[in-house]
Amino acid sequence: METRPSGDAEAFPKTPQTMAEIVWNEDPGGAVYRSRDPISNLRVRVQIQRVTSTSLLLQQLHLPFSQSGQQLISLANLGTHNTASNHCPDEEKEEAVIGWQEKLFSQFEVDLYQNKSACQSPLDQQYHQDVLKLEESGGRKNRRIFTYTDHDRFTNLEEHSQRVTTSVTEVPSYLAERMANVRRRRQERRPREGSILKTRLVTWEPSEEFIKNNHVINTPVQTMYIMGDLGPHGKLGCREHEHVLCTIQVDSNGVITVKPDFTDTKGPYRIELEGEKREIWKFTLENASAPVKPEEQEREQRVFKDLYSRHKEYLSGLVGSDFEMTLPGALRLFVNGEIVSAQGYEYNNLYIHFFLELPSCWSCPPSQQLSGVTQTCAAKTLGREQVAFFSFPFTLEVFFSQEDELEGPLPQWPVLYFEVLSLDYWQRYRVEGYGFVVLPDVPGAHTITASTWRPMELGTFSELQRFFIGGSPELEDMTYARVPGTFTGERLSRFGFRTETTGSVTFRLNCLQQSKAFLDSSSMRKRMQSVLDRLGTFGQQGSLYNVLEAFQRARHRMQEARESLPQDLIHTSASNLQL
């Protein structure tokens, strides 16, 4: 049934229809923006409007129908109720464009700062002068929309009472209380404790209080609150009717946090007041910052382009025009490595001694250290194993070069040998295991887990000695974990050598290879490529390496067999071939 407005219904036109058609924005979460422009250019348009009273709608729904089939609320009843409630139409809807840290006084602040005796701080004195000037110019233009800037007391109180969760029965933790007491402000920024040189860089046994005190961040942030006074007409200025419409935070990196986010094409936000009337208000937030003019944007792009070009020239000047290259016919291998962890060992407090063995035709710069020792690391339980996390970095730079063509056995890649040792309370060490890692022949990132073993003797005496007074059988030459580089025989026998499998060590290796052969198109490139192929540089060279090595062994055996044959038999075979 169609209803027509009458009486004072024009003061609130189409309100029931608007209530039914409004699509509310149910996402009050914040949004994070990043801007390189000055924050002083930020403008936010806020529009707030009283929609209707829920209690009034409920009363109208419970009234008996005067006509059969009537299902809509009369606009005349709504208009009469509004007039009787003495609501002024000007206060039902308000719009304001607010700049960054722009102060709009509320009715409560106007009444407070008019009294000079209530102004104690210098900020209060400044607000007193501003309120007097505002009254002389005809009073404030805003009624319900006002702001709290970064210097106001409300900002401190709001940060202190800010909840971490949405639970009504939330009990703030120690960290939440400490964070609430932190004044994260740019103007009160102090030098961080970490920037002061301290003699004690590592606290080996931190107390619980030490951990709590150092688990608090102090990020300089400026805050601004856009508020709304949703009190009834004639009762503006009551603190209990103040509601936060929007919170804006800006840090020194140009990161802007807006909560809730700008509405844009989404629906307005909804505020439902408590009490008997349960009135509903809606508000929208829009970015009203002035757009950049085309000529200004073009000028800004030119400035940034010039800045980036100057920065590029500066970096080029630091690096230099001459890129460091290897010698012709040489291969440079650069390894950024890390000893990640060791797991599965019998005793605690582990450390690792390692060194790099360079085969023939390999060399390194004089300043390159080919050995090292990690720190002593206590193990922690991870699953069913004891794991010691070292995270020990090391760097290796080696060169391969050979002027003559490769003949005889194929050249080998460098090998990283290591031994794992444990340290007890009396500073006695035990050998926990030996192992080795062949440096990868493929560039890129590699994670390798190498198993280890340790020598042992027959009987229980050596194990008792190892447990009580330390010490254990050791290798005089650590390269015996593989094939020693000094070994020149045909077969290396380990018969009778008793060992025991222990744990494993995880390495993370980032390998880089550099050579002019990757750029040259001359015969040097072909020769160096054959060298790289024989070294097994590329992914498919592993099988090729084995094939070439087997071919050379077969050729060597054929030559030996030919030399052992009688000469007359060789000449007879040759004459038969000629026939």
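Structure's up top.
This section reports on the structure supplied with the text. (Residues numbered from 1 in each chain as written. Predicted model: local features only at pLDDT ≥ 70, side-chain atom pairs only at ≥ 80, totals over all residues. Heavy atoms only, no water.)

This part is about the overall build of the protein chain. If you tally the helices and strands in the protein chain, you get 13 helices and 19 strands. Looking at the protein chain as a whole, 35% of its 579 residues are labelled buried. For the protein chain, contacts bridging at least 24 residues in sequence account for 75% of all contacts bridging at least 6. If you sum the accessible surface of the protein chain, you get close to 37,500 Å²; carbon and sulfur atoms cover 53% of it. (Helix = DSSP H or I, 4+ residues; strand = E, 2+ residues; numbered from the N terminus. Buried < 20%, exposed > 50% of the residue type's maximum accessible area, 1.4 Å probe, protein only. Contact = heavy atoms within 4.5 Å. Areas by Shrake-Rupley, 256 points an atom, 1.4 Å probe, with all protein chains shown as cover.)

Between its first and last C-alpha, helix H5 (residues 122-136) extends 22 Å over 15 residues, near the 21 Å set by a 1.5 Å rise per residue. Residues of H5 that are buried: Asp-124, Tyr-127, His-128 and Val-131. End-on view of H5: buried residues confined to an arc of 110°, all on one side of the axis. For H5, exposure combined with an orientation more than 90 degrees from the buried face picks out Pro-122, Lys-133 and Glu-136. Where H5 ends, the next residue or the one after it, Gly-138, has phi of about 110°, a positive value. (Expected span 1.5 Å × (residues − 1). Arc of directions from axis to C-beta.)

Each strand in a sheet pairs with its neighbour through backbone hydrogen bonds, running either in the same direction (parallel) or in the opposite one (antiparallel). Taken in spatial order, the five strands of this open sheet run S1-S7-S6-S5-S4, and their pairing is antiparallel. Across the chains shown, the open sheet's two edge strands, defined by having one partner strand only, are strand S1 (31-34) and strand S4 (145-148). For this sheet the average axis-to-axis angle between neighbouring strands, irrespective of direction, equals 20°. Taken together, the four bridges between S4 and strand S5 (residues 221-229) define a ladder with antiparallel strand orientation. Residue pairing across strands places Thr-147 opposite Ile-226, the latter belonging to S5. (Pairing = 2+ DSSP bridges. Axes fitted to C-alpha atoms, helices over the stretch in contact; angles between N-to-C directions.)

Further remarks concern the pattern of salt bridges. For the coordinates displayed, the defined rule picks out 16 salt bridges. Residue Asp-152 pairs with Lys-103 through a salt bridge whose shortest N-O separation is 3.0 Å. On the criterion of sequence distance, the pair formed by Asp-152 in the loop between S4 and helix H6 (153-160) and Lys-103 in the loop between strand S3 (93-99) and helix H4 (107-113) is long-range, its members being 49 residues apart. Judged by its relative accessible area of 3%, Asp-152 falls in the buried class. By relative accessible area, Lys-103 is classed as buried at 19%. The partner of Arg-310 in a salt bridge is Asp-306, with the nearest N and O atoms 2.9 Å apart. In this pair, Arg-310 and Asp-306 both sit in helix H9 (residues 294-319), four residues apart, roughly one turn of the helix. Given the relative accessible area of 56%, Arg-310 is considered exposed. According to the relative accessible area criterion, Asp-306 is partly exposed, its value standing at 39%. The network of salt bridges with shared partners includes Arg-45, Glu-95 and Glu-286. (Salt bridge = Lys/Arg side-chain N within 4 Å of Asp/Glu carboxyl O.)

Summed over the entire model, instances satisfying the criterion amount to 17 aromatic pairs. Seen from their ring centres, Phe-355 and Tyr-417 are 5.6 Å apart, and the 20° between their planes marks the pair as stacked. Remark: Tyr-417 occurs in strand S16 (residues 415-423) and Phe-355 occurs in strand S11 (residues 350-357); sequence separation between them is 62 residues. Here Trp-362 and Phe-400 contribute two aromatic rings whose centre-to-centre distance is 5.3 Å and whose plane-to-plane angle is 55°, an arrangement assigned as tilted. With Trp-362 in strand S12 (residues 362-363) and Phe-400 in strand S15 (residues 385-401), this residue pair connects regions lying 38 residues apart in the sequence. Of the two residues, Trp-362 and Phe-400, neither departs from the other in class, the shared state being buried. What links up through ring pairs into an aromatic cluster is the set Tyr-434, Trp-453, Tyr-480 and Phe-497. (Phe/Tyr/Trp six-rings, centres within 6.5 Å; stacked < 30°, edge-to-face > 60°.)

Right, let's talk about a nonpolar patch on the surface for a bit. A cluster of nonpolar residues, Tyr-314, Leu-315, Leu-318 and Val-319, forms a patch on the protein surface that exposes about 450 Å² of accessible area. Examined against the element boundaries, Leu-315 turns out to sit in helix H9. (Patch = residues over 30% accessible without salt bridge, like charges linked within 9 Å, V, L, I, M, F, W, Y side chains within 5 Å.)

Time to look at unusual backbone geometry. In this structure, Pro-260 follows Lys-259 across a cis peptide bond, with omega equal to -5°. Of note, Pro-260 is situated in the loop between strand S7 (255-259) and strand S8 (269-272). Phi is positive for Cys-361, close to 75°, though the residue is something other than glycine. Counting through the fold element by element, Cys-361 comes out in the loop between S11 and S12. Backbone geometry places Ser-391, a non-glycine residue, at a positive phi of 55°. Looking at the secondary structure, you find Ser-391 in strand S15. The exposure class assigned to Ser-391 is partly exposed, which follows from its relative accessible area of 45%.

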